Amino acid sequence: MQRAAPQEFTRVLSSMCTEPHPVAREAAERFLATNPGDPATYQQIADLERRAVETLGEITRLDAPHGYIASGGTESNIQAVRAARNLARRDDPNVVAPESIHFSFQKAAEVLGVELRIAPVGDDYRANLDAIAEHTDEDTVLVAGVAGSTEYGRVDPIPDLADVAHDHDALMHVDAAWGGFALPFTDYAWDFADAPVDTMAIDPHKLGQAAVPAGGLLAREKRVVDALAVDTPYLESTSQATLTGTRSGAGVASAEAAMRELWPGGYRTQFEVSMSDAAWLADQLADRGFEVVEPTLPLVAVDVPESLFSALRERGWRISRTATGELRVVCMPHVTREQLSAFVADVDALR
Ligand code: PLP
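As the structure is a computational prediction, the values presented were derived from the model and not from experiment. (Residues numbered from 1 in each chain as written. Predicted model: local features only at pLDDT ≥ 70, side-chain atom pairs only at ≥ 80, totals over all residues. Heavy atoms only, no water.)

Draft legend 1. Expanded view of the sheet that holds strand β1 (residues 66-70). Within the open sheet, the 7 strands sit side by side as β1-β7-β6-β5-β4-β2-β3. Their pairing is mixed. One side of each edge strand has no neighbouring strand; the edge strands of this open sheet are β1 and β3 (115-119). Across the sheet, the mean angle separating the axes of adjacent strands is 20° when strand polarity is ignored. Inspection of the sheet shows β1 paired to strand β7 (residues 215-219) by 5 bridges, in the antiparallel sense. Bridge assignment links Tyr68 to a residue of β7, and that residue is Leu217. Together, β1 and β7 form the strand contacts of helix α2 (residues 43-59), whose direction differs from that of β1 by roughly 110°. In the packing of helix α6 (residues 158-167) onto the sheet, the strands contacted are β4 (140-146) and β5 (171-175), and the crossing angle to β5 comes to about 150°. (Pairing = 2+ DSSP bridges. Helix = DSSP H or I, 4+ residues; strand = E, 2+ residues; numbered from the N terminus. Axes fitted to C-alpha atoms, helices over the stretch in contact; angles between N-to-C directions. Contact = heavy atoms within 4.5 Å.)

Structure, rendered in structure tokens:
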């Protein structure tokens, strides 16, 4: 019996994951039983992982990239903190980040015994350089910025943050877990070629349209990945830099397949469609008198009354809110103009 196509995404407006591209879905299934955690044994998936990392390097304009396909942005962020801590060897290490940073940094700090110093953002929801500099000192091992923030889709002033980090002999990490596949097509076209950034998170399983789990950790220098490696006596491979041990080849293969299919033309086209949908939605909501945070990447945040938010959820819309209460709509590839029109019609009916 043929199974019905999954309906998971029909009213999902706040997720940062999406329906995988058909080629990604197919590749995931084919490599489901492989373990890139043991590349000497599973050589074909290891080759695909090398290719995936090379393409991530092209997307972010990093020559000779080091890194691997992680389980997601959380793992990449934890690993960036871990590498910085291991390399710096400070007695009392700290990480400095803007308050817009993803909550995975709280996990990193807790697991790794590193102090997380959160600096306020400016009115534009981006990292404030003075605030970041004030929080940074001789025990800072990492400064983190975000390129595509989870709540507002904002991009921090990365080159300036990198200067602050390096003035303090700390590493600079960019969390582009969500925004990484959109940045090449924007005015915020920040990438490794523009700033001396050390590490970056960029997730194929978000805007890259790969199947979950497929995150990306990139490093400019091999020594950073080496700082994560432990010996692996019982495997054919002799060392492992990943946080997870056995991991799914499905994510790796789907990331490689999605990027081979979509980079650059497919991602550009999708970005243009999603961005125009986000701008349309922002206009529609503003026309109705709601306060909208203008999208700079395909993410719209809008201030709606609590009662309307709850009524929309009851109608089946899968929506979430920022820490200060705005409703977020993330225009992921599965979100169509038709869906957004139906959403706006429900806003009209329920307000
Ligand atoms: N970083 C950013 C900017 C995110 O938006 C997210 C998740 O949405 C993450 C990190 C965490 O990624 P994951 O849930 O894949 O671990």
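Draft legend 2. Structural view of the confidence of the model for the protein chain. For the protein chain, mean pLDDT is 95; residues scoring 70 or higher make up 98% of the total. Within the protein chain, the lowest mean pLDDT, 91, falls on strand β9 (residues 239-240), and the highest, 99, falls on strand β2 (residues 94-98). Residue range residues 1-5 is modelled with pLDDT below 50. Its contacts to residues more than four positions away, or to other chains, number 0 contacts. For this predicted complex, the interface score ipTM comes out at 0.99, alongside a pTM of 0.97. (pLDDT = per-residue confidence, 0-100.)

Draft legend 3. Structural context of the site of the ligand. Close to the ligand lie 13 residues, the nearest being Thr74, Thr150, Asp175, His205 and Lys206. Taking Thr74, its side chain carries an N or O atom lying 2.6 Å from an oxygen atom of the ligand. Between the ligand and Lys206, the relevant distance is 2.8 Å, taken from an oxygen atom to a side-chain nitrogen or oxygen of the residue. Protein chains bury 83% of the 390 Å² of accessible surface belonging to the ligand in isolation. Here the element with the most residues in the shell around the ligand is helix α3 (residues 73-88); it accounts for 3 residues. Looking at the shell around the ligand residue by residue, the class counts come to 2 nonpolar, 8 polar and 3 charged. (Near = heavy atom within 4 Å. Polar contact = N/O pair within 3.5 Å; in protein donor to acceptor, adjacent residues only side chain to side chain. Areas by Shrake-Rupley, 256 points an atom, 1.4 Å probe, with all protein chains shown as cover. Nonpolar A, V, L, I, M, F, W, Y, C, P; charged D, E, K, R; others polar.)

Draft legend 4. Quick peek at the domain arrangement of the protein chain. Taken domain by domain, the protein chain consists of domain 1 (22-262) and domain 2 (265-350). Measuring from the centre of the C-alpha atoms in domain 1 to the corresponding centre in domain 2 gives 28 Å. Contact residues are listed per partner, giving 23 residues for domain 1 and 22 residues for domain 2. Overall, the association of domain 1 and domain 2 removes approximately 1,900 Å² of surface from exposure, summing both partners, and the carbon and sulfur fraction of that is 65%. In terms of surface lost to domain 2, no three residues of domain 1 exceed Glu151, Tyr152 and Phe185, which account for 31% of the buried area on that side. Run the count over domain 1 and domain 2 and you get 0 salt bridges. Viewed at the interface, domain 2 and domain 1 are joined by 11 residue pairs in polar contact (both at pLDDT 80 or more). (Domains from an automatic or database assignment. Buried area = accessible area lost by both parts, 1.4 Å probe. Salt bridge = Lys/Arg side-chain N within 4 Å of Asp/Glu carboxyl O.)

Draft legend 5. Examining the sheet that holds strand β13 (residues 327-330) more closely. Strand order in this open sheet of 4 strands is β10-β11-β13-β12, and the pairing throughout is antiparallel. Lying at the two open borders of the sheet, with one neighbouring strand each, are β10 (291-293) and β12 (320-321). Pairing of β10 with strand β11 (residues 299-303) involves 3 bridges; the strand directions are antiparallel. Residue Val292 lies in a different strand from β11, and its bridge partner there is Val302.

Draft legend 6. Summary view of the packing of α3 against helix α4 (residues 104-112). Running from N to C, α3 and α4 cross one another at 40°; their axes reach a closest spacing of 9 Å. Between α3 and α4, the crossing angle belongs to the class labelled oblique. The handedness of the crossing between α3 and α4 comes out as right-handed. Residues Thr74, Asn77, Ile78, Val81, Arg82 and Arg85 of α3 form the contact with α4, whose participating residues are Ser104, Phe105, Lys107, Ala108 and Leu112. Residue composition of the contact of α3 with α4, grouped by class: 5 nonpolar, 3 polar and 3 charged. (Parallel < 35°, antiparallel > 145°, perpendicular 65-115°, else oblique. Left-handed = near helix turned anticlockwise from the far one by under 90°.)

Draft legend 7. Main features of the packing of aromatic side chains. Applying the stated criterion across every chain yields a total of 5 aromatic pairs. On the numbers, 6.1 Å between centres and 35° between planes, the contact of Phe185 with Phe271 is tilted. Taken together, the residues Phe185 in the loop between β5 and β6 (199-201) and Phe271 in helix α9 (residues 265-287) connect sequence positions 86 residues apart. Residue classification places Phe185 among the buried residues on the basis of a relative accessible area of 14%. Look at Phe271 and you get buried, because its relative accessible area is 10%. Here the aromatic residues Phe185, Trp263 and Phe271 are joined through ring pairs into a cluster of three or more. Positioned above the aromatic ring of Trp317 is the side chain of Arg11, whose terminal nitrogen or guanidinium carbon lies 4.2 Å from the ring centre. It is Arg321 that lies over the ring of Phe309; its NZ or CZ is 4.2 Å from the centre. (Phe/Tyr/Trp six-rings, centres within 6.5 Å; stacked < 30°, edge-to-face > 60°. Buried < 20%, exposed > 50% of the residue type's maximum accessible area, 1.4 Å probe, protein only. Lys NZ or Arg CZ within 6 Å of the ring centre and 35° of its normal.)

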